[in-house]
Amino acid sequence: MPLTCRINRRALLGAAAMPLLFSLPRPALAAPDGAAVLADWYRLVLELVRHTATYSPPVASRSFAYLGITLHEALVGVSGGLVSLAGQVQGLTPPPAAPAGLDAAFVLQGAFTTAVPALFSRTGPTGQRAMAAMAAQQDKALSGGADAATEAASRAHGAAIAAHILAWAEGDGGAEIENMGFPMEAAKDKLPSQWVPTSKVAVQQAPLLPYWGTVRTFVLSSGADCGLPPPPDYSEEPGSAFYNDAKEVYDTSRSLTDEQKLIARFWSDDPMLSSTPPGHWISIVLEIFARDATPVDRQAEVLALLGIAVADAFIACWDAKFRYDLVRPLTYIRRVIDPKWEPLLNTPPFPEYPSGHSTQSGAAAGVLTALFGEGFAFEDGAHADDGLPVRPFTSFAEAANEAAISRLYGGIHFRAAIEQGLAQGACIAAKVAQLKTREA
């Protein structure tokens with residue numbers, strides 16, 4: 001695997017370390033088509049997600065969608081015969097048309113330098129410095145790559161596309177995140193079947209982003225599209241379906257193998273400790289791009305469709321979560337089975353059904369399988385910098401299934417939430433795969 005895939009991420013948010021990033025080898029297709037511009041900016045974006053407090057998984061998925069669409073639209077008429085998504089995804093009007101003779105690398109630089117600071121305007125001072133340093137270093141790397149007129153026109157087009165997409169994004173209902181996404185009022189008394197806080201952290205006495213299911217979707221008709229059947233009926237009776245699901249989580253947690261513990265931690269992808277679950281799938285495709293020297297127009301196409309898939313997955317998942325408002329295993333098991341039980345992983349602060357990891361992984365895997373084919377093998381080094389080994393997979397479906405079952409190993413979800421989440425993700429992927437991204 002090329003060194004560019006797995007440079008130490010932590011260097012990306014240290015201003016003093018930014019020159020180190022650009023002294024490392026760049027992707028094989030760096031010079032003419034902008035692959036290096038895309039790779040470097042995306043590696044920084046993954047770190048910005050990790051270090052921006054409001055970037056919970058749903059919020060991160062939204063930015064990945066808009067950034068991917070920005071790059072795709074920026075290269076329409078510039079590289080690879082791409083077709084605009086305007087009129088295909090909800091509310092997107094035709095962006096400015098590309099003049100002839102643009103340079104793809106400068107188009108992408110114009111798009112990134114406009115879109116990323118806007119999407120991460122609330123990141124801290126270190127992130128702000130890193131974005132400025134990235135822009136400056138990329139400008140230096142691109143210097144002399146085109147004549148002055150072509151460079152200016154190309155940058156301007158990329159910036160105009162980004163501005164068009166950002167204006168569209170502002171009206172989706174997910175642009176403003178207050179109080180880190182938690183309502184100001186704590187959860188009220190509820191039925192035994194309903195979610196209650198599982199953390200003593202003050203802000204987490206209310207659930208995360210309860211309105212996210214109403215955010216404007218991309219290809220789904222609404223957050224209720226790709227809906228799910230209800231979970232098993234709540235019961236505390238031994239032998240009932242609900243009790244048995246909880247007992248499975250409990251029994252599994254008490255006999256975890258080392259491999260199962262590793263899988264749970266590998267896919268945990270907690271906010272502020274990782275680039276979040278959607279960022280994990282972005283990391284996977286970035287490694288594939290570097291390994292296979294993927295042309296930049298194909299990269300933009302993949303990132304747009306993957307971003308749309310995970311964004312709609314979190315909207316649909318959150319719609320279902322707050323529709324069913326189901327209690328977490330931690331609460332149920334301590335109430336009914338073992339008051340001293342401790343799961344392997346921390347329980348997230350929102351309802352249980354369905355599993356967000358499962359829905360978004362099912363959506364991501366379905367779209368990537370449509371793009372790359374069945375049986376597409378790859379290695380996942382998303383957490384190599386965190387000391388976790390690289391994991392090989394024979395297909396995207398295999399990775400999605402592992403990501404999903406990791407939540408049972410971690411004590412986060414019941415089996416029904418995992419299985420139905422994967423089904424919801426597959427439904428979303430099928431709709432995303434119908435988008436036309438290239439000329440026939």
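Everything below is about the structure printed above this text.
Only a predicted model underlies this, so the values are computations on that prediction, with no experimental measurement involved.

A. Looking closely at the overall build of the protein chain. Scanning the protein chain from terminus to terminus reveals 15 helices and 2 strands. Taken over the C-alpha trace, the protein chain has a radius of gyration of 22 Å; the compact-globule value for 440 residues is 22 Å, and the two agree within 12%. Oriented by its inertia axes, the alpha-carbon framework of the protein chain measures out at about 75 × 40 × 40 Å. By residue count, 57% of the 440 residues in the protein chain fall in the buried class. Of all intrachain contacts in the protein chain linking residues separated by at least 6 positions in sequence, the fraction that spans at least 24 positions is 81%.

B. Quick look at the packing of aromatic side chains. Enumeration according to the criterion identifies 22 aromatic pairs in this entry. Both rings, one in Tyr55 and one in Phe120, keep their centres 4.7 Å apart while their planes meet at 25°; by these two values the pair is stacked. Here Phe120 lies in the loop between α5 (104–119) and α6 (125–142) and Tyr55 lies in the loop between α3 (35–51) and α4 (57–75), a separation of 65 residues in the sequence. Residue classification places Phe120 among the buried positions, given a relative accessible area of 1%. Seen in terms of ring centroids, Phe314 and Trp318 are 5.8 Å apart; in terms of plane orientation they differ by 55°. Their pairing is tilted. Taken together, the residues span about one helical turn, with Phe314 and Trp318 both in helix α11 (residues 296–324) at a distance of 4 residues. We note that Phe314, like Trp318, is buried. The ring centre of Phe372 lies 5.4 Å from the NZ or CZ of Arg298, which sits over that ring.

C. The arrangement of the side chain of His413 in detail. Within the secondary structure layout, His413 lies in the loop between α14 (396–409) and α15 (415–432). Under the relative-accessibility criterion, His413 is labelled buried at 3%. Within the local environment of His413, its side chain forms a polar contact with the backbone oxygen of Glu352, the two atoms lying 3.0 Å apart. Not counting the four nearest positions on each side in its chain, His413 is found in contact with Val249, Lys321, Arg328, Pro329, Glu352, Pro354, Ser355, Gly356, Arg407, Leu408 and Ile418.

D. Geometry of the environment of Ile263. With respect to the helices and strands, the residue Ile263 is situated in helix α9 (residues 258–266). Between the C-alpha atom of Ile263 and that of Pro238, which follows or precedes it by 25 residues, the distance is 29 Å. Dropping the residues within four chain positions of it, Ile263 is found in contact with Arg391, Glu402, Ser406 and Tyr409.

E. Looking closely at the nonpolar core. By size, the foremost hydrophobic cluster in this structure holds 129 residues, and its most contacted members are Tyr42, Phe112 and Trp281. Sorting elements by how many residues they give to this core places α11 first, with 18 residues. For Tyr42, the residues in contact, after removing those within four places along its chain, are Phe64, Leu67, Gly68, Leu71, Phe112, Ile282, Leu286 and Leu303.

F. Broad picture of the state of the cysteines. Under the criterion given, the structure shown has 1 disulfide. With a sulfur-sulfur separation of 2.0 Å, Cys226 is cross-linked through a disulfide to Cys427. Its S-S torsion of approximately -80° makes the covalent link between Cys226 and Cys427 left-handed. In this pair, Cys226 is assigned in the loop between α7 (148–169) and α8 (241–253) and Cys427 in helix α15, connecting sequence segments 201 residues apart. A residue is classified by how much of its surface remains accessible, and Cys226, at 6% relative accessible area, is buried. Looking at Cys427, the relative accessible area reads 28%, which means it is partly exposed. Free cysteine: Cys317, not disulfide-bonded; nearest cysteine sulfur from Cys226 at 12 Å. The class for Cys317 is buried, based on a relative accessible area of 0%.

G. Broad picture of the environment of Phe396. Along the chain, the position of Phe396 falls in helix α14. With residues near it in sequence (within four places) discarded, Phe396 still touches Trp281, Ile284, Ile288, Ala365, Leu368, Thr369, Phe372, Phe376 and Phe378.

H. Broad picture of α9. Buried within α9 are the following residues: Gln260, Ile263, Ala264 and Phe266. Seen along its axis, α9 keeps its buried residues to an arc of 165°; they face one direction. Lining the buried residues of α9 we find α10 (276–292), β1 (378–380), β2 (391–393) and α14.

I. Up close: the side chain of His383. By secondary structure assignment, the location of His383 is in the loop between β1 and β2. The class of His383 is buried, set by a relative accessible area of 7%. Side-chain polar atoms of His383 contact the side chain of Asp269, separated by 2.7 Å.

J. Seen up close, the packing of α11 against α15. In the contact formed by α11 and α15, the axes pass within 9 Å of each other and the chain directions differ by 140°. Judged by the angle between their axes, α11 and α15 are oblique. Note that α11 runs across α15; the crossing there is right-handed. The segment α11 lies against α15, with Leu305, Ile308, Ala309, Asp312, Ala313, Ala316, Cys317 and Ala320 engaging Gln424, Ile428 and Val432. Looking at the contact of α11 with α15 residue by residue, the class counts come to 9 nonpolar, 1 polar and 1 charged.

About the criteria used
Residues numbered from 1 in each chain as written. Predicted model: local features only at pLDDT ≥ 70, side-chain atom pairs only at ≥ 80, totals over all residues. Heavy atoms only, no water. Helix = DSSP H or I, 4+ residues; strand = E, 2+ residues; numbered from the N terminus. Rg over C-alpha atoms; globule rule 2.2 N^0.38 Å. Buried < 20%, exposed > 50% of the residue type's maximum accessible area, 1.4 Å probe, protein only. Contact = heavy atoms within 4.5 Å. Phe/Tyr/Trp six-rings, centres within 6.5 Å; stacked < 30°, edge-to-face > 60°. Lys NZ or Arg CZ within 6 Å of the ring centre and 35° of its normal. Polar contact = N/O pair within 3.5 Å; in protein donor to acceptor, adjacent residues only side chain to side chain. Core = buried A, V, L, I, M, F, W, Y, C linked by side-chain atoms within 4.5 Å. Disulfide = S-S within 2.5 Å. Arc of directions from axis to C-beta. Axes fitted to C-alpha atoms, helices over the stretch in contact; angles between N-to-C directions. Parallel < 35°, antiparallel > 145°, perpendicular 65-115°, else oblique. Left-handed = near helix turned anticlockwise from the far one by under 90°. Nonpolar A, V, L, I, M, F, W, Y, C, P; charged D, E, K, R; others polar.

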